[in-house]
Amino acid sequence: MTYQGEVRRPAPEGGGGDGCLAAAIRLPVRVVAFVVVLPLRLLWDLLAAVGRAGRTGFLWVWRNVLAPPLAFVWRYLVVWPLATLYRYVLVPLGRALAFLWRYLVVWPLAALWRYVLAPIGRVLILPVARALVTAAAFLVHYLLVVPLGFLWRYVLVPVAREVGAALALAWRGTAYVSRAVGRAIGWVFRVLVAIPVAFVWNLTLGPVLRWCVRAVLRPAAEAVAEVRRTVRRVLLGAPAHRPPPVPPHRTPVPPPAAYRLDPRKDFGRDDGHGGGRTPPAHP
């Protein structure tokens with residue numbers, strides 16, 4: 001039995017890999033699933049039908065009962081009064097305010113700036129500002145830039161160069177020293193720790209641990225694996241038999257041709273090829 005939206009899966013070939021336990025619990029599980037899902041599916045179909053009917057009824061009431069009076073009220077009681085107010089009140093009032101702003105505020109301020117403030121600024125303020133900027137630039141250049149440049153060129157750069165050279169020399173020297181110390185520590189560790197530990201391991205712990213692995217751990221692991229395979233075969237059934245893989249076909253390579261003797265040069269010579277006779281070549 002398949003439900004709506006369920007994909008039918010193909011039945012496995014052979015049917016011998018499920019086991020008796022899976023075959024025994026398959027039918028009760030399907031019956032319980034059918035009993036639980038059927039009421040839920042009926043309830044879902046009922047709710048879907050009620051929802052579709054309610055949607056259709058609401059759309060009909062909206063289109064034929066509610067929409068026409070609401071549209072009339074919106075058009076003649078909201079849109080038309082607001083449009084009339086905007087066209088005959090707000091637009092003339094905005095134009096009057098723009099006229100007053102332009103001729104009573106903007107033009108007087110522009111005339112004041114053009115004919116009073118700008119000439120006064122060009123005559124009095126601009127020369128004073130230029131003199132102040134020139135003096136500030138002169139003071140910054142000779143009281144800040146020149147001393148800092150002298151300090152950087154003749155003090156900081158030579159000191160930094162000498163310090164860098166000293167650090168590089170010390171780094172190279174400490175590298176040689178640390179290499180020699182590391183080699184000495186490695187030799188001491190090898191003589192005092194590594195060689196005695198290897199000697200003790202090869203004579204005592206190594207053979208004991210290898211015997212434990214061969215005589216105890218490996219048989220125990222094989223026994224556990226065999227028990228696991230037996231339990232799986234009993235509960236789930238024997239796995240499907242798979243044929244052994246067929247090795248790829250290889251074309252035999254013919255042996256190289258035997259060494260031929262020249263009868264004119266090697267007459268009477270016995271090289272293991274039948275008393276000096278030339279053996280036949282392989283096809």
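Per chain, residues are indexed from 1 in the order of the written sequence. pLDDT decides what is reported in this predicted model: residues at 70 or higher carry local features, side-chain atom pairs at 80 or more are listed and counted, and totals for whole chains, interfaces and linings draw on all residues regardless. The side-chain quantities take in all heavy atoms of the structure and omit both hydrogens and water.

Some words on the overall build of the protein
Think of it this way: any DSSP run of H or I at least four residues long counts as a helix, any run of E at least two long counts as a strand, and we number them from the N terminus. What the protein contains, in helices and strands, is one helix and zero strands. Buried, partly exposed and exposed residues are distinguished by accessible area as a fraction of the type maximum, computed with a 1.4 Å probe on protein chains only: under 20%, between the cut-offs, and over 50%, respectively. Residue burial in the protein is summarised as follows: out of 283 residues, 3% are buried.

Concerning the pattern of salt bridges
A pair can form between side chains of opposite charge whenever their charged atoms are brought close. Salt bridge, as used here: a side-chain nitrogen of Lys or Arg that lies within 4 Å of a carboxyl oxygen of Asp or Glu. Under the definition given, this model contains one salt bridge. A salt bridge links Glu226 to Arg229, with the nearest nitrogen and oxygen atoms 2.7 Å apart. Linking Glu226 with Arg229, this pair stays in helix H1 (residues 19-236), spanning three residues, or about one helical turn.

Side note on the packing of aromatic side chains
Any two rings among Phe, Tyr and Trp, with Trp reduced to its six-membered ring, count as a pair given centres within 6.5 Å; such a pair is stacked if its planes are under 30 degrees apart, edge-to-face if over 60, and tilted if neither. This model, assessed by the stated rule, comprises five aromatic pairs. For the pair Phe150 and Tyr154, a centre-to-centre distance of 4.9 Å together with 40 degrees between the ring planes defines the contact as tilted. Remark: Tyr154 and Phe150 occur in helix H1; sequence separation between them is four residues, near one turn of the helix. Each member of the pair Phe150 and Tyr154 is classed as exposed.

Quick word on the confidence of the model for the protein
Residue-level confidence of the predictor is summarised by pLDDT, bounded by 0 at the bottom and 100 at the top. Mean pLDDT over the protein: 78, with 72% of residues reaching 70 or higher. In this model, residues 10-17 is a region of pLDDT below 50 whose contacts with residues beyond four sequence positions or in other chains number three contacts. For the stretch residues 266-283, pLDDT sits under 50, and the model shows 19 contacts to residues farther than four places along the chain or on other chains. Here, two residues are considered to be in contact whenever any of their heavy atoms come within 4.5 Å of each other.

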